[in-house]
Every structure is written in C-alpha cells, then in structure tokens.
There are 2 protein chains.
Amino acid sequence: MSFIATPQFLHFPQALPLQSGASIRDYTLAFETYGTLNADRSNAVLVCHALNASHHVAGVYEGQDKSEGWWNNMIGPGKPLDTRRFFVIGVNNLGSCFGSTGPMHTHPDTGQVYGADFPVVTVEDWVHAQARLLDQLGIEQLAAVLGGSLGGMQALSWTLQYPERVRHAVVVASAPNLTAENIAFNEVARRAIVTDPDFHGGHFYRHGVVPKRGLRIARMIGHITYLSDDVMNEKFGRQLREGLDLKYSTQDIEFQIESYLRYQGDKFSEYFDANTYLLITRALDYFDPARAHGGDLTQALARATARFLLVSFTTDWRFSPKRSREIVKALLDNRRDVSYAEIDAPHGHDAFLLDDARYMGVIGSYFDSIAKELA
Amino acid sequence: MSFIATPQFLHFPQALPLQSGASIRDYTLAFETYGTLNADRSNAVLVCHALNASHHVAGVYEGQDKSEGWWNNMIGPGKPLDTRRFFVIGVNNLGSCFGSTGPMHTHPDTGQVYGADFPVVTVEDWVHAQARLLDQLGIEQLAAVLGGSLGGMQALSWTLQYPERVRHAVVVASAPNLTAENIAFNEVARRAIVTDPDFHGGHFYRHGVVPKRGLRIARMIGHITYLSDDVMNEKFGRQLREGLDLKYSTQDIEFQIESYLRYQGDKFSEYFDANTYLLITRALDYFDPARAHGGDLTQALARATARFLLVSFTTDWRFSPKRSREIVKALLDNRRDVSYAEIDAPHGHDAFLLDDARYMGVIGSYFDSIAKELA
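Each chain has its residues counted from 1, following the order in which its sequence is written. Chains carry letters and ligands carry numbers; both start at the beginning, A for chains and 1 for ligands, and go up in the order they are written. Selection of residues for local features in this predicted model requires a pLDDT of at least 70, selection of side-chain atom pairs for listing and counting requires 80 or more, and totals for whole chains, interfaces and linings are taken over all residues. For the side-chain quantities, the full set of heavy atoms in the structure was used; hydrogens and water were omitted.

Trainee: I'd like a rundown of the layout of surface pockets, residues and numbers included.
Mentor: Vacant regions in the atomic arrangement are exposed by a probe of water-molecule size rolled over the atoms. The way it works is a 1 Å grid over only the protein atoms, where trapped points that fit a 1.4 Å probe form a cavity and open points with protein on both sides within 12 Å along at least five of seven lines form a pocket, and then any residue with an atom within 4 Å of a point lines it. Grid points are joined across faces, edges and corners, and a volume is the space filled by probe spheres set on the points. Estimated volume of the largest pocket: approximately 1100 Å³. Along the walls of the largest pocket sit 45 residues, with Asp 229 and Trp 317 of chain A together with Glu 181, Asp 316 and Trp 317 of chain B positioned nearest its centre. When contributions to the lining of the largest pocket are tallied by element, the ones reaching two or more residues are helix 3 (180-194), helix 5 (229-235) and helix 9 (321-333) of chain A together with helix 3 (180-194), helix 5 (229-235) and helix 9 (321-333) of chain B. Under the grouping applied here, Gly and all other residues not named as nonpolar or charged are polar, the nonpolar ones being Ala, Val, Leu, Ile, Met, Phe, Trp, Tyr, Cys and Pro and the charged ones Asp, Glu, Lys and Arg. Residue classes in the lining of the largest pocket are distributed as eight nonpolar, 18 polar and 19 charged. Estimated volume of the second largest pocket: approximately 780 Å³. Forming the boundary of the second largest pocket are 26 residues, of which Asn 52, Trp 70, Arg 219, Tyr 271 and Leu 353 of chain A lie nearest the centre. In DSSP terms, a helix is any run of H or I states spanning at least four residues, a strand is any run of E spanning at least two, and both are numbered starting from the N terminus. Counting residues per element, the ones that place at least two in the lining of the second largest pocket are helix 4 (212-226) and helix 6 (256-271) of chain A. Broken down by element, the residue count for the lining of the second largest pocket peaks at five residues, all from helix 6 of chain A. The class makeup of the residues in the lining of the second largest pocket is 14 nonpolar, eight polar and four charged.

Trainee: Help me get a handle on empty space enclosed by the protein, residues and values and all.
Mentor: Across all of its chains, the model carries five cavities of 30 Å³ or more by this definition. Roughly 110 Å³ of internal volume is contained in the largest cavity. Of all the elements in the fold, those that place two or more residues in the lining of the largest cavity are helix 4 of chain A together with helix 4 (212-226) of chain B. For the lining of the largest cavity, the class distribution of residues is six nonpolar, four polar and four charged.

Trainee: Break down unusual backbone geometry for me, with residues and values.
Mentor: Positive phi outside glycine occurs at Arg 335 of chain A, with the angle close to 55°. By secondary structure assignment, the location of Arg 335 of chain A is in the loop between helix 9 and strand 12 (338-343). Not every positive phi belongs to a glycine, and His 200 of chain B is a case in point at roughly 45°. Tracing the backbone shows His 200 of chain B in the loop between helix 3 and helix 4. For His 200 of chain B, a relative accessible area of 34% puts it in the partly exposed group. Think of it in three bands: with a 1.4 Å probe and only protein chains considered, a residue is buried below 20% of the maximum accessible area for its type, exposed above 50%, and partly exposed in between.

Trainee: Can you explain helix 10 (residues 357-374) of chain B? Please cite residues and give values.
Mentor: The end-to-end C-alpha distance of helix 10 of chain B is 26 Å, a good match for the 26 Å that 18 residues give at a rise of 1.5 Å each. The contact definition used throughout considers only heavy atoms, calling two residues in contact when any of these lie within 4.5 Å. Against strand 6 (44-48), strand 9 (81-82), strand 11 (144-148), strand 12 (168-172), strand 13 (307-313) and strand 14 (338-343) of chain B lie the buried residues of helix 10 of chain B. Helix span, expected: 1.5 Å multiplied by one less than the number of residues in the helix.

Trainee: Can you explain the relation of the copies chain A and chain B? Please cite residues and give values.
Mentor: Taken as rigid bodies, chain A and chain B are interconverted by a rotation of 180° and an axial shift of 0.0 Å, the fit giving an RMSD of 0.0 Å. On this basis, the relationship between the two copies can be described by a two-fold rotation axis. Same-surface contact between copies: 100% of interface residues of chain A are shared with the interface of chain B. Copy-to-copy superposition: least squares on the C-alpha atoms, limited to residues that have pLDDT of at least 70 in both copies.

Geometric descriptors of this kind do not, in isolation, establish any biological role.
This is the structure:
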C-alpha cells in the first residue's frame, strides 16, 4: 500500500540569474511533500532527481494505483527514508517536462513556446532554484539532501553552494564530473535528436511533430549504459524473440535484447521532451565543481561542511565506484565526516533505483542516525 | 616505404548457397595478394577483415602515398607477417562496399540495384566464398588464417568449416559470439540507419540520397566502443574545443570529444554504405558456433585441428580478454595446441590495429615459427 501524493506548484515571478549569464523569470516549480515538517523545521529532506524523473518521488496519485513515485521503494512510512520522521520534498527541475517550467512552456517575453530558446541550465542553477523553493516553504536548513546519479551531483552541489543549509548529503551512484566516455554517449544521443528532421531546430512544437526517431535512439543508448554487461547477459543473453530459428533479417527483431530496447525507446519517445533531453544531458556534461579550482577536487570540496554518505555499485560502469571514491578521498583530504558503501550489486547504474537489502539497509541506517539527532 | 598493392577481381558465375537458404550468383570478389606463393603452395596466409576494412590490407596504391592498407603495420617485408616469406591474401567480403559484390551492385535476376534485397550473409558464408576464391588461386591449404575482431571470427570459423585446409589460426581481439550488450550497440546503430528518412527501406540509391544521419550516429557509437574509457580520458578528457570559457549551448560543440566523434561520423557517412552496415553488424550478431551444440563451445570446437594463437587486450571492453579465454578454454578442453597472449594495452578494442611492441612481437614470433615449418 502506498500513500496518496499530491503535486503542488509554486510560481516565481522574480528572475533567477543563471550561470550562463542569462536569466529566467515567471517560472513555476512543481513539487511534492511527504510527511510533516516538525515544529523547529529541522526534519526536511530534499530529494533531487536524475534525467527521467520528477517531483513525484514516492506515493501514488489518487485513483491511479500504478502511479508509484520513482523512488517509492526508498521513501515512505517505514521505508529507509521514513516519512513518519522526515518531511520529504521532491522538486521537478527547471527545464524538465513533468510540471516545472520547461521548453514546452511559453516564454514570457515573446509569448512563444520556448523550444530551443529555453536557457541552458546547470546543476548549480537547479540548486539555486531549489533553495528559493525552500525559502518559500520556510525551511532554512535541510536535515539532508539526497540524490542518485545526476541527483547526486545536485546533492553534492548543495553542500558547496549552501554549506550552512545542509546537515547531511547522501550521494548515490554519482560522480564529481562526467568522463569523456560519458560525454560521448550524451553527445551521440543529442546528435540523434538534433539531426532528426522532425526536430526543426528545437521548434518542433509549432510544426505539430515530435522528433521521435531521435528520442528512441537516445533512450536505447541510455538503457545500454544503465545496465551492466552481466545483467544484460542474464536477462537477455542471445535469446531469440521467437522460436529457435533465425529469420536472417537485418531489420526484423531477432534477439530479445532488440525487442527490449525498441520497446523502451518507443515508450520514452511518447512522453519525453526532446529539448529537455538536450538540456539535462548538457547539465550533466557541465557539472564539474573542480573546474574553478584548476581540476583540484579537494580544493573544490573544502567549502562543504555537511556530513556525507556516499554509495556506489560495483557493476555501475556509467558512474563507477572509482568516481565515488574520488569524492570520498577529496572529502577525507578536507577531514570531513564521510561514510562510504560500495554495494556488490549486479544491476549496473540502474541499481540505485532497485531493491537491494544491503543498499536499503545502508540508507536506512544513515537516516536512522539523522533521526536520532532530531529527537 | 610501403610496397605497391594492386587490387584484383574474380567473378564467380555459379551460385553460392547461403546459410539462410538463399543464394547469390554472378558475384565478384575483390582481393589483393602480397609476396610470392612458394612451389608447394604451402605459404599462403589469408587475412580476414572486420567491419570497416577491405581486401586492401597492406601496401599503398600506385601514386597514392597515403593509401596504406588497414594492417600495413602488421604485414609487409620485414614486418610481423613477413611478405618475403608468406603469400598473403586479403579479400573483401560479400556484401561489403569496397569492391566485392554488395548492396550497391545490380541483382542479376532483376537488373535492379540490390539495396535492401541483398541477401543476409553470415561469417560462415564469407568463409565459404573465401574457400572458393582459394580454389581458384590453386591453394589447397593455408599456412594460416589471421583476423582481428569480426576477422577473428572468420579465422575461427575456417578451422571449423575447413579443418583440413588450415594449419594455423591467429584470432585477435575476438569472441566466440556477441554478448547481449554487443548486440544492443549494433541494434541501436541499425535503428539509427533504418529510421533515417533518407534510408527509404534500403532503396535510397534510386532516390539519389544517402542516410547520412543514421550512418553518422552508427559510427559515433562504434567509436565509443572501440576505445577504452582510459584512453578517451587521456586523449580528450573534459578538454574544451575552444578556449577556457563555456558556451552554454546544447547544440554547439563544447568538448573535444564531441568534435572528434562528429568528425569521425561525418567522414564515415561520406563513404560507407548503409546496407553494408546492416549486413555486417548482423553477421556479427549471428556468429555463434556453439549454437548448434546447445551452447557448448567445447563441443563446437572439437572439429578444429589447426594450431591456434589467440591475442586479446586488457582494456578491450567490446571483445574482452574473458571472451578470448572462453575460446582458449574450449580448445584446451579438446587438447588442441593453443598459445594465448593477453596484452596490457590502453587502447581498447582499437589496440588490434595499433602498434604495440609486445603485440607485434607475439604475432611476429608466431609467424616466425610457422615459417620454420615451411623450410
């Protein structure tokens, strides 16, 4: 049984200055909250999302049994992040396509849909926007900020942009920046979208089309990198989709893995916004707190005062344990309080969204200890 | 200084029965030979190619200084495969786009360009066609068959289809079949090509267009999988293409790695045939000698009587050392004569085409020992 979640919306008329030098005004943030803010407003936990997720982190929508939030296994009454003790906030990032202002909305200056004119936003910009939302909610300091993958980058950035506003940061399956290979996969996905004739330079909305070919390719590439080689072999191997005989065709589906990827691509292309895909992958590419410090991560993380939990998964080749260990090392160099768990899980990057007793146990214990501080 | 290579062509009027049940007749094979066939015709070495290569294995074309063959570092006078001692044959596979009959040629039954109607060919079909070529050249038995990647699969298949015609097989950076992840990458590349509006169901020639968008994406994906994460970080890292300042753009090139991939994609789309790409990746997907033996590779390789050298590269994640070791194990289970070298090279799958003293040394020593058998 999941609890009922209700999306909320807050409008921000005043301009948010962006890292690029541009700004965005009259924007809306979609968010959800679960649990109750305590009297001294000390039990708030912000959950940051990755590429294909939203403010709908946990619970289900009224009358929609299958609408579980994307981290419903992690967050709720009696779950590792227990909403009986914490006030949990999920927020949809600017530029996304699930409720907050994004490329599909109207530019207040022109009255036209933003499309490709939506300003490039960074992890730092998202964190800034999240901080303004917390101001509106009357939350001065977070008990914790929590995120996986790109969400982990936001959690890390919180500790650098607003060190005094974060007591704990939980950074799961993340990295201090993307590798060349990570950027390369993002770039191929973007090129597939941008060169789709239905993209129309990012202004496809006014043509009544969607660059679905590009979105499908982007999603298929994504899925390959989310899974481990091992789990792919176990789930699909070289299994044929139909019977035992080969069809000898280059275009028909022959192997189960092809069927899976095409299905995932088709599904994604039905609901995800192409401009959002470009924006979010670019935010990933740009994130690099060490950049302003000549590449020195230890120096970059010196500002952080939060206590940290980092979690990585052995078979995650997208954000490998090595990358989490770089963050751990830089924090230890700064004599910060860090816990680190490397979970031996077979599922690759996807593991951060899945049930694994040890993983859930580590997160649960950490939040238990935070809860004790509140008492 | 490279020697002068000259392409030759042989026409085969009689039908070649294919594994699919179809057949192909009136086809031409492009090939090159280097060195001299000795009196007892015992020094012939067949070199099999991978996706983006051809019969032009070594040497340069008359008056074209920069036209070195794709394995020119490996093959030639005084090189690891020494053309002063061996008679080396390179052959372009059926369905390729570099001289042998392929999708761009005319179907003898219809008088139309094959396009998507070119029959699906397998590794076994290629080996069969190569054997027929050797018949024409009067070569009953090969001193060795040599190939890397998909070429290595052909070398392995030679030892199973024509065990009595192969004394040695040199299988480099290869695998006994593709993993689900390998197939997945092939499938994404194929979908990018097939869904390009300029593909026209594989009959784009008659429309005077080329599905370049799809070919570019396919090649970009390929390049990511050819390189190791480490070498990508070393060569490109997070280096920006211009200056030190970010442009904050989702479509402009920002990082060097993006520039490299786009360049490789553009170049490839200018010369490679889209239908050939589909055919060759499908031949890769299908190769699986253990399939007919219920997945038992040991049983599958029992037919092989050749002596083997296998070589793999530590950072090759496309055809990892683990896959080569599966072949080694299956051969040893059959008490075959096998040498195996695992080269600690940083370059990923690409290493099989690059100079590495230990790699060249291993191949050179092995061919030295074969040469001694000839004396």
